[in-house]
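Architecture at a glance
Given next are the chains, with one letter for each unit.
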Amino acid sequence: MWQSIWPGTPYDALPVRFVTNGVHVPTWISSEIERLFDEYLGADWLERHDDPAFVERVLEIPDEKLWSARQTLRAFLFNFIRERARQRWSAQGAASRVVAAGTMFDQHTLTIGFARRFTSYKRPELIFSDPDRLARILDGGERPVQLVFAGKAHPADEVGKHHLQRIYKRALDPRYKGRVAFVDDYDLHVAHFLVQGCDVWLNNPRKPLEASGTSGMKAAINGTPHLSIGDGWWAEGFTGANGWLIEGHADPGDQGAQDWADAQALYKTLEEQVVPTFYERGRDGIPHRWLEVVKQSMRTVVPRFSARRMVKEYVREMYLPALKDQSVTR
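Residues numbered from 1 in each chain as written. Predicted model: local features only at pLDDT ≥ 70, side-chain atom pairs only at ≥ 80, totals over all residues. Heavy atoms only, no water.

**Quick word on the overall build of the chain**
Quick reminder of the rule: Under the DSSP-based scheme used, a helix requires at least four consecutive residues in state H or I and a strand at least two consecutive residues in state E, with every element numbered from the N terminus. We compute the radius of gyration from the C-alpha atoms alone; for a globule the expected value is 2.2 Å times N to the 0.38, where N is the number of residues. Note on classification: 1.4 Å probe, protein chains only; a residue is buried when its accessible area is under 20% of the maximum for its type, exposed when over 50%, partly exposed between these limits. Computed by Shrake-Rupley with a 1.4 Å probe, the accessible areas treat only the displayed protein chains as cover when residues are assessed. Only four residue types enter the charge count: Lys and Arg as positive, Asp and Glu as negative, with His and the chain ends excluded. Where a charge sits is defined by one atom per residue type, namely NZ (Lys), CZ (Arg), CG (Asp) or CD (Glu).
For the chain, the count of helices and strands is 14 helices and six strands. Its C-alpha atoms give the chain a radius of gyration of 21 Å, within 12% of the compact-globule value 20 Å for 330 residues. Looking at the 330 residues of the chain, the share that counts as buried comes to 51%. Accessible area for the chain stands at about 15800 Å²; split by element, carbon and sulfur atoms hold 53% of it. Within the chain, one finds 43 positive and 43 negative side-chain charges whose respective centroids are separated by 3 Å.

This is how it looks when you write it as structure tokens:
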């Protein structure tokens, strides 16, 4: 990004550096996952969670215990959604608002979350590019899918507000059979339920405009794998085993063509990878292959994208060298 300002300067010698964002793990980790970490990583895991070798112990968590925790977190999310809808009904009596709020969601269905600031470059409506194909994915017979949206637009972002309004209308569209929901009044309380209770976290910004995208980190540390364009933190975080990458190939100069290609890649990834993996169950009823992705998500994201690692890196790479540099004005 900055190399053109100092032409001919080697990358390692550029005076502008970067530190990747991280999230505060103690704030965003669910109590269910925290209990598993206490048991299988050790009571001191909070002091050591930025150590990748230490977090390898996540792989030792038994599948049945991890699946039980994930089931509980999804149940918490749905109970929250239904109670919120009940309150809306009591206060406003609008049946359409109750339907759009997710009251028809099924507790055992693969649930994909999209929650963030609504603005054009984040393309909140990308998954609706082909409504009929999406409807087939959501209906899915014995392998249905649910979409839950939440977020707010900046008060001055009129286009973002229109995106939000159209998403809400999609939640009312009968072709989706109640499998699209919009949770209103998005705040940190709502965000906790979503990043902990969804099964997959969706992010599809227009590359290369994503700065970081920390909501996906919050989800991943709770065992909610990331499904995203290879931009922002996912360009660094995707390993091939800890989630899914959306790769649409088109002329990057043609915005419409790129959007369509990314949408098609998203549908294909859902149809061929995400949905089959979630619904593939062993004789014990547990999706072992899915839980491999879940464990890899936690194993790779907790240490590398934690605020603990971030602050240490700032100190080590920025503050201490600046303190030792005698040329810095005091």
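**Topic: the pairing of strand E1 (residues 110–115)**
This is how it is decided: The handedness rule is simple: strands pointing away from the viewer, and a clockwise path from the first strand over the helix to the second, make the crossover right-handed. Strands qualify as paired when DSSP identifies two bridges or more between them.
Most of E1 sits out of view: six of its six residues are buried. Side chains Leu110, Ile112 and Phe114 project from E1 onto one buried face, and the interleaved Thr111, Gly113 and Ala115 project onto a second face that is buried too. Taking the sense of rotation as the criterion, the β-α-β connection linking E1, helix H7 (residues 131–139) and strand E2 (residues 145–150) turns out right-handed. The pairing of E1 with strand E4 (residues 200–203) spans two bridges and is classified as parallel. The residue of E4 that forms the bridge with Ile112 is Val200.

**A closer look at the sheet that holds E2**
The line we're drawing: A fitted line through C-alpha atoms represents every axis, and for helices the fit uses only the stretch in contact; the resulting angles, taken between N-to-C directions, go from 0 to 180 degrees. Pairs of residues are marked as contacts when any of their non-hydrogen atoms sit within 4.5 Å.
The sheet built from six strands is open, its strands ordered E3-E2-E1-E4-E5-E6 with parallel pairing. The open sheet terminates on both sides in strands that have one partner only, identified here as strand E3 (180–183) and strand E6 (243–246). Going from strand to strand, the sheet's axes swing by 20 degrees on average, the running direction of each strand aside. The strands touched by helix H12 (residues 255–279) within the sheet are E1, E2, E4, strand E5 (226–229) and E6, with E6 carrying the most contacts at an inclination of about 160 degrees.

**Side note on the pattern of salt bridges**
Put simply, the rule reads: Any Lys or Arg side-chain nitrogen found within 4 Å of a carboxyl oxygen on Asp or Glu counts as a salt bridge.
Applying the stated criterion across every chain, the model contains 24 salt bridges. The salt bridge partner of Asp63 is Lys295, with a shortest N-O separation of 2.7 Å. Here Asp63 is found in helix H5 (residues 63–92), whereas its partner Lys295 is found in helix H13 (residues 288–304), with 232 residues between them in sequence. Each member of the pair, Asp63 together with Lys295, is buried. Arg74 is the salt-bridge partner of Asp199, the closest N and O atoms lying 3.0 Å from each other. In this pair, Asp199 is assigned in the loop between helix H9 (188–197) and E4 and Arg74 in helix H5, connecting sequence segments 125 residues apart. There is no split in this pair, since Asp199 and Arg74 are both buried.

**Regarding the packing of aromatic side chains**
Ring pairs (aromatic) are described by centroid distance and by the angle formed between their planes. To keep it simple, the criterion reads: Two rings from Phe, Tyr or Trp (for Trp, the six-membered ring) form a pair when their centres sit within 6.5 Å of each other. Planes less than 30 degrees apart are called stacked, planes more than 60 degrees apart edge-to-face, and all others tilted. Note on criteria: charge over ring means Lys NZ or Arg CZ within 6 Å of the ring centre, with the direction from the centre no more than 35 degrees off the ring normal.
Following the criterion strictly, the structure yields 16 aromatic pairs and no others. Among the aromatic residues, those joined into a cluster by ring pairs are Phe114, Phe118, Phe128, Phe149, Tyr176 and Phe182. In this structure, Arg116 is placed above the aromatic ring of Phe114, and the distance from its NZ or CZ to the ring centre is 4.4 Å. Stacked on the ring of Phe278, the Lys or Arg Arg281 has its end atom at 5.1 Å from the ring centre.

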